[in-house]
Amino acid sequence: MTLTLEQIVESGLCIGCGLCQAIAGPDHVQVVMTPEGRERPIVRAPLAPATLERINAVCPGTVVEGPDRGSRGADAQVDTVWGSAERLAIGYAGDPDVRHRASSGGLLTALGQFLLSSGRVNFVLQVAASASAPMRTERRLSFDAASVLDNAGSRYGPAAPLLDFTSILEREEPFALIAKPCDLSAVRNLAKLDPRVDRLMRYGLTFVCGGASELTKSEEVLESFGVAERELSLFRYRGHGYPGPTRVETHDGRAFELTYQAMWEVESTWKIQARCKICPDALGESADLVASDTWPGGGPQGEGEGFNGIIVRTSRGLELYEAALAAGAIKIASDEVTFRDFDAFQPHQVRKKRAVWARLAGIAAAGHPVPATRELRLRECARFNTVAENLAEARGARRRAENGRLGEVPAVER
Ligand SMILES: Cc1cc2nc3c(=O)[nH]c(=O)nc-3n(C[C@H](O)[C@H](O)[C@H](O)COP(=O)(O)OP(=O)(O)OC[C@H]3O[C@@H](n4cnc5c(N)ncnc54)[C@H](O)[C@@H]3O)c2cc1C
Ligand code: SF4
Ligand code: SF4
């Protein structure tokens, strides 16, 4: 069944990647910031049925698929929860400045820089803080190493890297995408319809993703400091340390910090978007390489030097990883790493991956749409739970879907 954009949004399936705007054009679909602090599409002019069908085929709210099996080598290991890996390791950026300034160990930034310096791509599509409104996140094209470093760091609020993806393809230049797993899902869906994606998007890099907050989370932080958004010159969620503090600076020279632990200690204040609660692939299965944090138990005990968990997913990712290692762009602390180490670093991800199948079944039982999934082993992951656990997840999701707690109000612009 083809869903309207309104149905996708109001069913809580939209994460605000922006690809529908790129497909339909901004005259027809425009992603706006809503009063609730979400980036959501609004239909500005009627959509042709073929356009809506194309949006349904690419939207990561309606379709999420695992990787094409041909993208990995014969020796790749496959884990029920984590998917496939050519290589598992712990590492960090070779350049200490990158390692310090980036979100974790700077691996994604170092690889983005190496992709450019080695001539593998002409630019990197990524996101970064807006220069004029630094609490907001914008899509960026980075053509040199300095720009990739400027765009390092985690942006926990809304981020729409794919708003003009069609015009990026029209450049006819090789590029890499560094973005969330759901953004990768969207472009992999598009690749099935548009051969330019596989021809031009040479690499897709991502991070293990616990969910994106609504902007209201960041607005509450500002409010707690007594700062208005127009006064901001910097809003950094983390980095400049591992994890580094959330830091706010104003044009008149004031500065405020919150530790990572204080920022995220109370889960009920995270304001995570609805789509994230049923995310079928927060582990970046369709990326070439995935970076993560490495804190046992899932959270930091204090500050330290940055490290990344590394999951090399594809043969193409392996070639990049080995070349970047040989060039000194990245360094490896350990390659004696197993999927069970990743379980220890990401217990919240293991719980979610095991819960998603039952949650989707519960939502579907309530008569609400869910994303079509394939090659993500969701049913197999659910088999790690007891029947009672799966029933509780499914019933809980059904109840929340029926009383509207998994849906969203119609999108309007702030
Ligand atoms: C919303 C969110 C949730 C996360 N949840 C987890 C988690 O559950 N477990 C875990 O281990 N790690 C999580 N991280 C990832 C972690 O914070 C690091 O980003 C990751 O380890 C990569 O580190 P790095 O030093 O290589 O990144 P960097 O070198 O700093 O590069 C980060 C890259 O990610 C891009 N980026 C940042 N935010 C976004 C965004 N919102 N949308 C698209 N692209 C973005 C940047 O443009 C940059 O290219 C999350 C990050 C985000 C943004
Ligand atoms: S998830 Fe992306 S493609 Fe789907 S409706 Fe939202 S912005 Fe559009
Ligand atoms: S949890 Fe899933 S839907 Fe949410 S931001 Fe991360 S990858 Fe996207």
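Residues numbered from 1 in each chain as written. Chains lettered and ligands numbered in written order. Predicted model: local features only at pLDDT ≥ 70, side-chain atom pairs only at ≥ 80, totals over all residues. Heavy atoms only, no water.

Caption draft 1: Layout of the overall build of the chain. A tally of regular secondary structure across the chain gives 17 helices and 17 strands. A compact globule built from 414 residues should have a C-alpha radius of gyration of about 22 Å, and the chain, at 20 Å, falls within 12% of that. Seen through its principal axes, the chain has C-alpha atoms that stretch 55 × 50 × 45 Å. The burial tally for the chain puts 56% of its 414 residues in the buried class. Contacts in the chain between residues at least 24 apart in sequence constitute 73% of all its contacts with a sequence separation of at least 6. Here the chain carries 49 positive and 53 negative side-chain charges, and the mean point of each set is 4 Å from the other. (Helix = DSSP H or I, 4+ residues; strand = E, 2+ residues; numbered from the N terminus. Rg over C-alpha atoms; globule rule 2.2 N^0.38 Å. Buried < 20%, exposed > 50% of the residue type's maximum accessible area, 1.4 Å probe, protein only. Contact = heavy atoms within 4.5 Å. Lys, Arg positive; Asp, Glu negative; His and termini not counted. Charge placed at Lys NZ, Arg CZ, Asp CG, Glu CD.)

Caption draft 2: Expanded view of unusual backbone geometry. Tyr242 connects to Pro243 through a cis peptide bond whose omega is 10°. Its identity as a non-glycine residue notwithstanding, Lys271 has a phi of 55°, on the positive side. Along the polypeptide, Lys271 turns up in the loop between α11 (260–264) and α12 (274–277). Residue class for Lys271 comes out partly exposed when judged on its relative accessible area of 28%.

Caption draft 3: Local environment of the site of ligand 3. In the vicinity of ligand 3, the contacting residues are Lys180, Pro181, Cys182, Cys209, Gly211, Ala212, Arg275, Cys276, Cys279 and Lys352. Those elements giving two or more residues to the shell around ligand 3 turn out to be α8 (181–191) and α12. Considering only residue class, the shell around ligand 3 consists of six nonpolar, one polar and three charged. (Near = heavy atom within 4 Å. Nonpolar A, V, L, I, M, F, W, Y, C, P; charged D, E, K, R; others polar.)

Caption draft 4: Here's a closer look at the pattern of salt bridges. The tally for this structure, following the rule as stated, stands at 34 salt bridges. Between Arg374 and Glu65 there is a salt bridge, with its nearest N and O atoms 3.5 Å apart. On the criterion of sequence distance, the pair formed by Arg374 in strand β17 (residues 372–374) and Glu65 in strand β3 (residues 63–65) is long-range, its members being 309 residues apart. Classification of Glu65 as buried rests on a relative accessible area of 17%. In this structure, Glu173 engages Arg171 in a salt bridge whose closest nitrogen and oxygen atoms are separated by 3.2 Å. (Salt bridge = Lys/Arg side-chain N within 4 Å of Asp/Glu carboxyl O.)

Caption draft 5: Local environment of the environment of Ser218. Within the fold, Ser218 resides in helix α10 (residues 215–225). Accessibility expressed as a relative area gives 1% for Ser218, which makes it buried. Distance from Ser218 to Gly157, taken between C-alpha atoms, is 7.2 Å for residues 61 residues apart in sequence. Setting aside residues up to four positions removed in sequence, Ser218 forms contacts with Met135, Phe235 and Tyr237.

Caption draft 6: Examining the sheet that holds strand β10 (residues 201–207) more closely. Pairing within the open sheet is mixed, and its eight strands lie in the order β8-β7-β9-β10-β14-β15-β6-β16. Among the strands making up the open sheet, the edge pair consists of β8 (137–142) and β16 (330–334). Strand-to-strand twist of the sheet, defined as the mean angle between neighbouring strand axes without regard to direction, takes the value 30°. Of the pairings in the sheet, the one linking strand β14 (residues 289–292) to strand β15 (residues 308–312) comprises four bridges and is antiparallel in character. Across the sheet, residue Leu289 finds its bridge partner in β15, namely Val312. Here helix α5 (residues 107–117) sits on the sheet in contact with β6 (87–93), β7 (123–129), β8, β9 (175–178), β10, β14, β15 and β16, set at roughly 170° to β10. (Pairing = 2+ DSSP bridges. Axes fitted to C-alpha atoms, helices over the stretch in contact; angles between N-to-C directions.)

Structural measurements only, silent on function.
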